[in-house]
Amino acid sequence: MGSVQIVTTILAFAITAVAVWLAVRAVMKMVAVIRLGQPDPTRFGDPGTRTKTMLAETAGHTRMLRWSVVGAAHWFVMVGFIVLSLLVLEAYFEVVSPTGGLPLVGNWAIYGLVTEWLAILGIVSILVLIAIRLRNRPTRPGGKSRFTGSTMWQGYFVEGIILAVLIMGFVIRGFKVATDHFEYPVWAAPLSHAVGGVLPNWAAGVSVAALVKIVISMTWLIVISLNVTMGVAWHRFLAFFNIFFKRDPGANVSGLGALRPMTSQGKPLDFEEADPEKDQFGVAQVEQFTWKGLLDFSTCTECGRCQSQCPAWNTGKPLSPKLLVLSLRDHAYAKAPYLLAGGGKDLTGEEKATAAQLAHMDVLALAEAEKPLIGTAEEGGIIDPDVLWSCTTCGACVEQCPVDIEHVDHIVDMRRYQVLIESSFPSEAGVMLRNLENKGNPWGAPQNTREDWTKGLDFEVPRVGEVDDFEYLFWVGCAGAFEDRAKKTTRAVATLLNEAGVKFAILGEGETCSGDPARRIGNEFVFQMLAQQNVETLNEAFEGREKSKRKIVATCPHCFNTLGNEYGQLGGEFEVVHHTQLLAHLVATGKLTPVQPVDGGVTYHDPCYLGRHNRVFAPPREVLGSAIAGGDGASGDGGLIEMPRNSERSFCCGAGGARMWMEEKIGKRINVDRVEEAMSTGAKTVAVGCPFCSTMLNDGVNGKGAGEQVEVVDVASVLLRSVKPEQAPGDTERAPAAG
Ligand code: SF4
Ligand code: SF4
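Here the structure is a predicted model, which means the values were calculated and not measured.

Participant: Quick question: what am I supposed to make of the overall build of the chain here?
Facilitator: A count of helical and extended segments in the chain gives 29 helices and 9 strands. Relative to a compact globule of 739 residues, whose C-alpha radius of gyration would be 27 Å, the chain shows 30 Å and is just as compact. A principal-axis box enclosing the C-alpha atoms of the chain has dimensions of 100 × 70 × 55 Å. When burial is assessed residue by residue, the chain has 59% of its 739 residues classed as buried. Expressed as a percentage of contacts within the chain between residues at least 6 apart in sequence, the contacts between residues at least 24 apart total 77%. Carbon and sulfur atoms make up 58% of the accessible area of the chain, which totals about 28,800 Å².

This is the structure we're talking about:
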């Protein structure tokens, strides 16, 4: 070992020792913070599926590849990072000896070939990612940036380090070529040979370059260890765990559909016994999120994909799912020293720590602990109430997040505390909640008018109890029973089912609200009250039937989601389909035959709770395709004009998350934004599959004074016009007024 190698070896191992010590400390700190969260025993089941999903998502980059260029570039950088780690390891042999290399594989030409090309592709990819970051920088004039609010230096720092380390790999190899110590032939390492051609024959070059590479790599480790909230770097390690522990182990997208039940100490809350002085009602302090919530916040890469898709953010509201997650992360880590010292408030608001425990506490941590989780800027709040209440629970953020963060569950958990304990929510929604409690529907309509929509139909609509041999229980829903436009859909569906010879029955006055608006606003108590009542009624209606024969068809995606995905949490197991799924089946099997083509062009708006939350994308398009063709033999969605934002990337109408019952006072109206997009297609018909979407988009069209040019109508009504052109217009006109 020469004198240069003695120096390079000492320096390399010294900086590595410091970096590793800091990294171990940082990991211990992160683990300690994440462990502050509440228990969640549901995250450990089915480890086999979890491992498979985690490997598939990581290797396949399933979410990232939807953004093809970024996804492909990130994939190469990820693989490059793994290879890079091997090359950094190799550098430790090279600081010791210029001819050093990895044992076993170090002299193998195939290893040289693979690492050479992955490093080349890694450099190209990281340059692409840097260019994308620069092109989308928040300071760029004009346009919205998904990086607004992200800590930009951290992104550039991480990308710059990766680039520098990859380049140093070629410099080391180049010096080996120049000093004639390189093992790999030109065909295996062409770039290394080319670099070697321009470097001097300097014997110490390899060890010095290897030291530079190690110093750069360890600088990265030191910086990220001193910044444990640097998600853009830490996600490289945390994402594996976050994906592994996702709520739905086998699902591609987790955290959609059903909401996480309300829990206290890891157990679902039973309102018959729950006590707000002993049980946790929602989330009022950051440590009341589960450990998985705190892991979610720690894993955020600050990529801003969620923000770029959020309807609230895109229409000028203060809510960005990314900024919400970052605020919770920064607050959790800033408050952690106080919590780890034994601090915290119990459920009655009393301090848990003794004065001695807090005596030497950092004043910043103490000040952080005093901040309310929900509060305005003047109150020092972490999350502004306008942020909390702007969410439509559309799930676009969850859908896009590459590391499976479950934003909607966290937002609703915070709402639960605000509603149940603080009674603090937009006042206009209070009428809806009172109506749910007193009348069993958000409109406050009399229960005895639930069947009014059946008046004037030229066939009998049977009630459960009057007939036993029904195949489908037709869940009408409150909108379908009381709201004028939705009643037309209800009548259209009933007419089509009758036409197709489907045996169905309704609950009539036995039905109450599914509870969706109560649950999404955070009133779990009212949700459970309504849901338990419905589960009881439905279990009675289906008594003696196995699950596959407990079939329900619903026209409202919110009811469809709640009955199908959430009633199981309360003992109600049913096979629930949306009416567009059943109608598509009836058309495909020849039980319904469209005869009259629909003209003027049709576009389709995916309801969030049908599409993103429940992955029903094709059936409504198939129904519309058949109606557009009108018996011309076309199938599929031929002729449908898609909006730029469709299917998984569909843009919310603005009504979900109980927003239907709140005023939209900030920014542009979401429904207007969506209507403008629909109108840009030139289609005369905007087809919907949800009564709330229908209301919102109709209001948007009317607000723009375009009611004469564009019609918003349910998929079922479009089909009815094609199947029974002589009856459909009359049917809609005969619909009685709202109760
Ligand atoms: S659920 Fe929708 S509205 Fe709510 S934060 Fe996510 S993207 Fe925004
Ligand atoms: S998409 Fe996920 S990782 Fe990216 S900023 Fe949003 S929450 Fe963070």
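Participant: What is the right way to read the site of ligand 1 from this model?
Facilitator: The immediate surroundings of ligand 1 are formed by 13 residues, with Cys310, Cys391, Cys394, Gly395 and Cys397 found nearest. Elements with a contribution of two residues or more to the shell around ligand 1: helix H16 (396-400) and helix H17 (407-420).

Participant: When you look at the pattern of salt bridges in this model, what are you seeing that I'm missing?
Facilitator: Charged atoms that come close allow side chains of opposite charge to pair. Under the counting rule described, the total for this entry stands at 46 salt bridges. The salt bridge involving Lys551 is made with Glu471; its shortest N-O contact spans 2.8 Å. Note that Lys551 is positioned in strand E5 (residues 551-554) and Glu471 in the loop between helix H18 (429-439) and strand E3 (472-475), a separation of 80 residues in sequence. The class for Lys551 is partly exposed, based on a relative accessible area of 22%. Here Glu499 makes a salt bridge to Lys724, at a shortest N to O gap of 3.3 Å. Here Glu499, found in helix H20 (residues 484-500), pairs with Lys724, found in the loop between helix H28 (715-723) and helix H29 (728-734); they are 225 residues apart in sequence, far enough to count as distant. When salt bridges with common partners are traced through the structure, they connect Asp40, Arg43, Arg260, Glu406, Asp413, Arg416, Asp516, Arg519, Arg520, Glu524 and Glu566 into a single cluster.

Participant: Whenever I open this one, the nonpolar core confuses me. Can you help?
Facilitator: One finds Met414 and Leu538 to be the most contacted residues of the largest nonpolar core, which totals 187 residues. The element contributing the most residues to this core is helix H7 (residues 205-226), with 12 residues. Among all residues touching Met414, those that are not within four sequence positions of it are Val283, Phe289, Leu324, Leu328, Leu373, Ile374, Ile383 and Leu388. Listed in part, the 12 residues of the second largest apolar core include Leu87, Val177, Tyr184 and Ala189.

Participant: Can you walk me through the site of ligand 2 in this structure?
Facilitator: Close to ligand 2 lie Cys300, Thr301, Glu302, Cys303, Gly304, Cys306, Lys322, Cys401, Pro402, Val403, Ile405 and His407. Considering only residue class, the shell around ligand 2 consists of 7 nonpolar, 3 polar and 2 charged.

Participant: Mind showing me how you'd approach the packing of helix H12 (residues 321-340) against H17 here?
Facilitator: The relative placement of two packed helices is expressed as an angle between their axes plus a distance between the axes. Where H12 contacts H17, the two axes come as close as 11 Å, and the packing angle between them is 65°. Our classification of the angle between H12 and H17 gives roughly perpendicular. Seen along the crossing, H12 lies across H17 with a hand that is left-handed. Facing Pro321, Leu324, Val325 and Leu328 of H12, the residues of H17 in contact are His407, Ile411 and Met414. Looking at the contact of H12 with H17 residue by residue, the classes come out as 6 nonpolar, 1 polar and no charged.

Participant: When you look at the pairing of strand E8 (residues 685-688) in this model, what are you seeing that I'm missing?
Facilitator: On any regular strand, side chains alternate: one points to one face of the sheet, the next to the other face. Of the two faces of E8, both are covered, the one formed by Thr685 and Ala687 as well as the one formed by Val686 and Val688. Note that strand E7 (residues 602-604) and E8 share 3 bridges and pair parallel. Residue pairing across strands places Thr603 opposite Val686, the latter belonging to E8. Bridge count for E8 against strand E9 (residues 711-714) is 4 bridges, and the pairing is parallel. Looking at the pairing, Val686 lines up with Val712 of E9.

Participant: I'm lost on the packing of aromatic side chains in this one. Help?
Facilitator: Inspection of the entire model under this criterion finds 20 aromatic pairs. A ring pair is formed by Phe175 and Trp202, whose centres lie 5.9 Å apart and whose planes are at 75°; its orientation type is edge-to-face. Here Trp202 lies in the loop between helix H6 (190-196) and H7 and Phe175 lies in helix H5 (residues 152-178), a separation of 27 residues in the sequence. On the numbers, 6.0 Å between centres and 50° between planes, the contact of Phe470 with Phe542 is tilted. Of the two residues, Phe470 is situated in the loop between H18 and E3 and Phe542 in the loop between helix H22 (524-541) and E5; the sequence distance between them amounts to 72 residues. Using a relative accessible area of 4% as the deciding quantity, one classes Phe470 as buried. The buried category is assigned to Phe542, whose relative accessible area is 0%. An aromatic cluster of at least three residues, connected via ring pairs, comprises Phe44, Phe244, Phe245 and Trp291. For Arg25, the ring lying beneath its charged end belongs to Trp21, and the centroid distance is 5.2 Å. The ring of Phe470 has Arg545 lying over it, and the distance from NZ or CZ to the ring centre is 4.4 Å.

Participant: Help me understand the sheet that holds strand E4 (residues 504-506) in this model?
Facilitator: Two pairing modes exist for strands in a sheet, parallel and antiparallel, and in both the strands are linked by backbone hydrogen bonds. Taking strand neighbours across the sheet as the criterion, the 4 strands line up as E4-E3-E5-E6 in an open arrangement whose pairing is parallel. The sheet is open, and its two borders are formed by E4 and strand E6 (575-578), each paired with just one other strand. Mean inter-strand twist for the sheet, computed between neighbouring axes without regard to direction, equals 30°. With 3 bridges joining them, E3 and E4 adopt parallel strand pairing. Of the residues in E4, the one forming a bridge with Leu473 is Ala505. Contacting E3, E5 and E6, helix H23 (residues 557-566) crosses the sheet at an angle of about 165° to E6.

Participant: Looking at this model, I keep getting lost on a nonpolar patch on the surface. Mind explaining?
Facilitator: On the surface, a nonpolar cluster with roughly 440 Å² of combined accessible area is contributed by Trp108, Ile110, Val114 and Trp187. Tracing the backbone shows Ile110 in helix H4 (residues 109-135). Of the residues examined, Ile110 reaches a relative accessible area of 38% and is grouped as partly exposed.

Participant: Would you explain H18 in this entry?
Facilitator: Because each turn of an α-helix spans 3.6 residues, side chains separated by three or four positions in sequence point in the same direction. Every buried residue of H18 is accounted for by Ala429, Gly430, Met432, Leu433, Asn435 and Leu436. Where H18 is buried, its residues touch helix H21 (516-521) and H22.

Participant: In this structure, what is going on with the packing of helix H25 (residues 618-629) against H28? I would like to understand it.
Facilitator: At a closest axis distance of 9 Å, the pairing of H25 and H28 adopts a crossing angle of 25°. Relative to H28, the element H25 lies roughly parallel. Note that H25 runs across H28; the crossing there is left-handed. Residues Pro620, Val623, Leu624, Ser626 and Ala627 of H25 form the contact with H28, whose own contacting residues are Val715, Val718, Leu719 and Ser722. Within the contact of H25 with H28, the residues separate by chemical class into 7 nonpolar, 2 polar and no charged.

Participant: How should I be thinking about unusual backbone geometry in this particular structure?
Facilitator: Outside of glycine, negative phi angles account for most residues, and trans bonds account for most peptide bonds. A positive phi is found at Glu302, a non-glycine position, where the angle reads about 65°. Along the chain, the position of Glu302 falls in the loop between helix H9 (291-299) and helix H10 (305-309). Located in the positive-phi region is Asp404, a residue other than glycine, with phi close to 60°. Tracing the backbone through its elements, the reader meets Asp404 in the loop between H16 and H17. Overall, the relative accessible area of 0% leaves Asp404 in the buried class.

Participant: I tried to follow the pairing of E5 on my own but got confused; where do I start?
Facilitator: Inspection of the sheet shows E3 paired to E5 by 4 bridges, in the parallel sense. Opposite Tyr472, over in E5, you have Lys551 as the bridge partner. A crossover connection joins E5 to the parallel E6 through H23; in handedness this β-α-β unit is right-handed.

Each value, and the rule that gives it
- Residues numbered from 1 in each chain as written.
- Chains lettered and ligands numbered in written order.
- Predicted model: local features only at pLDDT ≥ 70, side-chain atom pairs only at ≥ 80, totals over all residues.
- Heavy atoms only, no water.
- Helix = DSSP H or I, 4+ residues; strand = E, 2+ residues; numbered from the N terminus.
- Rg over C-alpha atoms; globule rule 2.2 N^0.38 Å.
- Buried < 20%, exposed > 50% of the residue type's maximum accessible area, 1.4 Å probe, protein only.
- Contact = heavy atoms within 4.5 Å.
- Areas by Shrake-Rupley, 256 points an atom, 1.4 Å probe, with all protein chains shown as cover.
- Near = heavy atom within 4 Å.
- Salt bridge = Lys/Arg side-chain N within 4 Å of Asp/Glu carboxyl O.
- Core = buried A, V, L, I, M, F, W, Y, C linked by side-chain atoms within 4.5 Å.
- Nonpolar A, V, L, I, M, F, W, Y, C, P; charged D, E, K, R; others polar.
- Axes fitted to C-alpha atoms, helices over the stretch in contact; angles between N-to-C directions.
- Parallel < 35°, antiparallel > 145°, perpendicular 65-115°, else oblique.
- Left-handed = near helix turned anticlockwise from the far one by under 90°.
- Pairing = 2+ DSSP bridges.
- Phe/Tyr/Trp six-rings, centres within 6.5 Å; stacked < 30°, edge-to-face > 60°.
- Lys NZ or Arg CZ within 6 Å of the ring centre and 35° of its normal.
- Patch = residues over 30% accessible without salt bridge, like charges linked within 9 Å, V, L, I, M, F, W, Y side chains within 5 Å.
- Right-handed = clockwise from strand over helix to strand, strands pointing away.

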